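What follows is each chain in one-letter form.
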Amino acid sequence: MSIQPLNRPEKYYGPDFNAMEKQDPEIAAVVISELERQRNKLQLIASENFTSSAVLAAMGSTLSNKYAEGYPGKRYYGGCEEVDKVEAIGIERAKKLFGAEHANLQPHSGASANVAVYLAFAKPGDTVLAMSLPHGGHLTHGAKVNFSGKWFNIVSYGVRQSDELIDYDQLRDLALEHKPKMICSGATAYPSLIDFEKVRKICDEVGAIMWVDAAHFIGLVAGKAIPSPVPYADVVSFTTHKVLRGPRGGMILSKAAHAAAIDKAVFPGMQGGPIMSAIAGKAIALQECMSDSYKTYAKQVIENCQALAKGLVDLGLRAVSGGTQTHLALIDIRSTGVTGKVADELCGLAGISLNKNAIPFDPQTPAVTSGIRVGSAATTTQGMGTAQMKQIAEFIVSAIKSGADQDKLAKIKSQVAELCAKFPVYPEPK
Ligand code: DSN
């Protein structure tokens, strides 16, 4: 196969896929086959997306070579005059887009951003109230295997069994009982909106820092498709590569009063040099998020996810909490008699990437699960709409119910490839 640069300008600025192929064909082949996988299969992992070529180019640029410990104008290295510009532009864009008083673009990832939040506001042994992982939380919200669960006294809240929504009464009771230093809202598998006003009131009642881990939904906030936690929260941490459609990385927004604590926690608290190429990518993505087309995209992501969830429900599956108000849906697949683990594998064989996921009060172990999680961020970027979501729901259910029949799976896989071809990802230059 001929290897084409994704969007390489005529002038040479650094990244060169053809040079990579010449020098290291083994790695170049993987880069290209991953591109083909993204082009020909359905990407329904709720935390993934396709960045613009501009963001990809920034990630592969010479900014990657620069060490820049510190912050714009206050570095520990010489030669930072160019990267200073990129970070300063990115910070201003983040503050403008989210109406935030302070922004730090340096965290290498969402987990790193969360380490910085703990470091800024708590000491080992302090109590933190956060969403339990089996109910949709995140590893960094206190899982026993994670630093958060090892170093902090984590008290977990969850969803009600009756409607699978956050139980704010339980959250308040736990806050009053344990007097946490911080209360964390945010999850990786919670399809509903979070009531930030209610959480703020509880935080005020017990004197806790209000921390929102907005990794999953911050892109919808950026596109003004759902309410923002920024006016309420002391600190908001997130990843930049989900619905937000930026490079892999993390970011933190905070009130001005916490700016110094956050900046110190990120550097020198838990990171050395920032990844300036990623910060350039973040700045580009933030500007993209200010466009009208991004606002339309964010709304479409939600509409598409609702259509996908409805399609799955119409075919006999159950949407946790009755549906979705966001970019992700959590689907209870017990009616099929197939576990989440097997469904994940069968969908993979049919050219559909999604993930097994525990549902609240799941009788199965986390490695098996009774559910799957699906997201609409990537397919919406491709330009798919609600009609395609209905079709995708049919593919998923056919794969799950295929009985591992190789012919059936191969047929779905070719239908999937046919659909993907109509919505090309990173099309070859004409
Ligand atoms: N927990 C991962 C996810 O949601 O896919 C990353 O946040």
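The preceding data block contains the structure.
Residues numbered from 1 in each chain as written. Predicted model: local features only at pLDDT ≥ 70, side-chain atom pairs only at ≥ 80, totals over all residues. Heavy atoms only, no water.

Quick word on the sheet that holds strand 14 (residues 355–357)
The condition is simple: Any two strands with at least two DSSP bridges between them are considered paired. Think of it this way: any DSSP run of H or I at least four residues long counts as a helix, any run of E at least two long counts as a strand, and we number them from the N terminus.
The four strands are arranged 11-12-15-14 in an open sheet whose pairing can be described as antiparallel. Two strands close off the open sheet at either side, each with one partner strand: strand 11 (318–319) and strand 14.

Brief notes about the environment of A265
Keep this limit in mind: With a 1.4 Å probe rolled over the protein chains alone, any residue whose accessible area is under 20% of its type maximum counts as buried; one over 50% counts as exposed, and the rest are partly exposed. Residue contacts are counted whenever heavy atoms from the two residues lie within 4.5 Å of one another.
Take A265: it is sitting in helix 10 (residues 259–270). You can call A265 buried: its relative accessible area is 4%. Residues A265 and V155, spaced 110 residues apart in sequence, show a C-alpha to C-alpha distance of 23 Å. In this structure, A265 is in contact with A116, L119, A120 and M270, ignoring residues within four places of it in sequence.

Observations concerning unusual backbone geometry
Here the residue pair F267 and P268 is connected by a cis peptide bond, since its omega of 10° sits within 30 degrees of zero. Relative to the helices and strands, P268 resides in helix 10. Despite not being glycine, K224 shows a phi value in the positive range, around 60°. Mapped onto the elements, K224 comes out in the loop between helix 9 (218–222) and strand 9 (235–239). Although it is not a glycine, S321 adopts a positive phi angle of roughly 60°. Following the sequence through the fold, S321 ends up in the loop between strand 11 and strand 12 (328–332). Overall, S321 belongs to the partly exposed group, its relative accessible area being 21%.

Observations concerning the pairing of strand 8 (residues 209–213)
Counted residue by residue, strand 8 has five buried out of five residues, so it is predominantly covered. Going residue by residue along strand 8, you find I209, W211 and D213 tucked away on one face and M210 and V212 tucked away on the opposite face as well. Across four bridges, strand 7 (residues 182–185) lies against strand 8 in parallel orientation. Bridging across to strand 8, S185 finds its partner in V212. Note that strand 8 and strand 9 share three bridges and pair parallel. Following the sheet pairing, D213 is matched in strand 9 by S237.

Some points on the packing of helix 7 (residues 168–178) against helix 8 (residues 196–206)
Two quantities define a packed helix pair, namely the angle between the axes and the distance from one axis to the other. So the rule is basically this: Here an axis means a line fitted to C-alpha atoms, over the contact stretch when the element is a helix, while the angle between two N-to-C directions is reported on a 0 to 180 degree scale. Throughout, the term roughly parallel applies to angles under 35 degrees, roughly antiparallel to angles over 145, roughly perpendicular to angles from 65 to 115, and oblique to all others. Left-handed describes a crossing in which the near helix is turned anticlockwise from the far one by less than a right angle; the clockwise case is right-handed. Just so you know the grouping, Ala, Val, Leu, Ile, Met, Phe, Trp, Tyr, Cys and Pro go in nonpolar, Asp, Glu, Lys and Arg go in charged, and all remaining residues, Gly too, go in polar.
Their axes nearest at 10 Å, the elements helix 7 and helix 8 cross at an angle of 15°. Taken together, the axes of helix 7 and helix 8 are roughly parallel relative to one another. As for the relative orientation of helix 7 and helix 8, their crossing is right-handed in sense. Here Y168, L171, R172, A175 and L176 of helix 7 come into contact with helix 8, specifically with K198, V199, I202, E205 and V206. Of the residues belonging to the contact of helix 7 with helix 8, the class tally is seven nonpolar, no polar and three charged.

A few points about the nonpolar core
Definition in use: Nonpolar cores are built from buried Ala, Val, Leu, Ile, Met, Phe, Trp, Tyr and Cys residues. Side-chain atoms within 4.5 Å join them into one set.
Core analysis: the biggest nonpolar cluster contains 61 residues, and F98, I183, F217, V236, F238 and L253 have the highest contact counts within it. Top element by residues in this core is helix 4 (residues 81–98). It accounts for six residues. In terms of nonpolar packing, the next biggest core, distinct from the first, is built from 36 residues, V374, F395, A399 and V416 among them.

Notes on helix 4
Quick note on the threshold: Under the convention used throughout, the expected extent of a helix is 1.5 Å for every residue step, that is, one less than its residue count.
The terminal C-alpha atoms of helix 4, which comprises 18 residues, lie 26 Å apart, in line with the 26 Å expected from a rise of 1.5 Å per residue. Listing the buried residues of helix 4 in full gives V83, D84, V86, E87, G90, I91, A94, L97 and F98. One or two residues past the end of helix 4 sits G99, with phi positive at roughly 60°.

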